Amino acid sequence: MAERPEDLNLPNAVITRIIKEALPDGVNISKEARSAISRAASVFVLYATSCANNFAMKGKRKTLNASDVLSAMEEMEFQRFVAPLKEALEAYRREQRGKKEASEQKKKDKDRKTDSEEQDKSREEDNDEEEERLEEEEPNEEEEVDN
Amino acid sequence: MAAAAAGSGTPREEEGSSGEAAAPQPQAPTSAPGARLSRLPLARVKALVKADPDVTLAGQEAIFILARAAELFVETIAKDAYCCAQQGKRKTLQRRDLDNAIEAVDEFAFLEGTLD
């Protein structure tokens, strides 16, 4: 049997954890039921993707965005998901902004350092590089070296 | 990590950083272990999204929301299936409970015929 998209499963451990936390203590779940829920979740994602894609195409966009997915939820009659998803989205955006700012700050600091160092070194490097090339005996002899 | 209680073998101390966890961590500290934004790995969700031949691209936010929605879906269907098991006075969720839930709940209609 050829591989179907439904075969793309989500990790069992995570699925099990979500199920257990949703259910009261002491409740168990059979392997078959758990695996069926896992497949259902995959089908859900595929269906939601397809719905969301329709909204994207309506908006003449080629990239699915968050609002497409939210619209898909309403279309699929999962309106009750919309509010918690919006909250999660806000939290996610905040986290991404924080990460971005942190990495941008690091980059700025790095650039500042290298910039000042480079200005001093660049003049020296021009002279040194030529000497190094001759010494290293690079196979690429097409490079012009000014003697 | 500073070795508080000597468990196994010789306690090691990390050199460089002082005693407590003063090492700079790139990740923002999360308040509670379950407070992560999404538990499902985004890469797997992305793979599912890409499986759709009509989809060209999907933004990061879209993938994230899909992952979160899938989690909510799992919670929802598990709870609905549990209601059926409760009626049978069982404490273990069986496959048939799931089937019953799918038949009973309109929103799960899209699952019919897909789980076999």
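Residues numbered from 1 in each chain as written. Chains lettered and ligands numbered in written order. Predicted model: local features only at pLDDT ≥ 70, side-chain atom pairs only at ≥ 80, totals over all residues. Heavy atoms only, no water.

Looking at an unreviewed UniProt entry, chain B carries the name DNA polymerase epsilon subunit 4, with the source organism given as Myotis myotis. A UniProt comment under Subcellular location (unreviewed entry) is attached to chain B, and it reads "Nucleus". (UniProt positions renumbered as here; feature names shortened; annotations may be inferred.)

Labelled according to an unreviewed UniProt entry, chain A appears under the name DNA polymerase epsilon subunit 3, originating from Myotis myotis. The Subcellular location (unreviewed entry) comment attached to chain A in UniProt states, word for word, "Nucleus".

1. Details of the overall build of chain B
Looking only at helices and strands, chain B features three helices and two strands. For chain B, the sequential pattern of α-helices and β-strands runs α-β-α-β-α. Counting across all 116 residues of chain B, residues that qualify as buried make up 32%. Taking all contacts inside chain B whose residues are at least 6 apart in sequence as the whole, residues at least 24 apart take part in 32%. As displayed, chain B has an accessible area near 7,600 Å², and 48% of this comes from carbon and sulfur atoms. (Helix = DSSP H or I, 4+ residues; strand = E, 2+ residues; numbered from the N terminus. Buried < 20%, exposed > 50% of the residue type's maximum accessible area, 1.4 Å probe, protein only. Contact = heavy atoms within 4.5 Å. Areas by Shrake-Rupley, 256 points an atom, 1.4 Å probe, with all protein chains shown as cover.)

2. Examining a negative patch on the surface
Taken together, Asp-111, Asp-115, Glu-117, Glu-118 and Asp-120 of chain A make up a surface patch of like negative charges. Here Asp-111 of chain A is to be found in helix 4 (residues 79–136). (Patch = residues over 30% accessible without salt bridge, like charges linked within 9 Å, V, L, I, M, F, W, Y side chains within 5 Å. Salt bridge = Lys/Arg side-chain N within 4 Å of Asp/Glu carboxyl O. Lys, Arg positive; Asp, Glu negative; His and termini not counted. Charge placed at Lys NZ, Arg CZ, Asp CG, Glu CD.)

3. Quick notes on the interface of chain B and chain A
Taken together, the contact pairs 49 residues of chain B with 59 residues of chain A. Of all residues in chain B, Arg-39, Leu-48 and Ile-65 of chain B give up the largest surface area on contact with chain A, accounting jointly for 13% of the area buried on that side. Here chain B and chain A share three salt bridges between them. For Arg-93 of chain A, the salt bridge identified is with Glu-61 of chain B, shortest N-O distance 2.7 Å. Our count for the contact surface shared by chain B and chain A stands at 12 residue pairs in polar contact (both at pLDDT 80 or more). (Buried area = accessible area lost by both parts, 1.4 Å probe. Polar contact = N/O pair within 3.5 Å; in protein donor to acceptor, adjacent residues only side chain to side chain.)

4. So, the packing of aromatic side chains
Residues and elements named next belong to chain A. Within the structure shown, the criterion is met by 12 aromatic pairs over all chains. Measuring from ring centre to ring centre gives 5.5 Å for Phe-44 and Phe-78, while their planes differ by 85°; the resulting arrangement is edge-to-face. Pair noted here: Phe-44 is in helix 2 (residues 31–58) and Phe-78 is in the loop between helix 3 (66–75) and helix 4, with a separation of 34 residues, a long-range link. Classification of Phe-44 as buried rests on a relative accessible area of 0%. (Phe/Tyr/Trp six-rings, centres within 6.5 Å; stacked < 30°, edge-to-face > 60°.)

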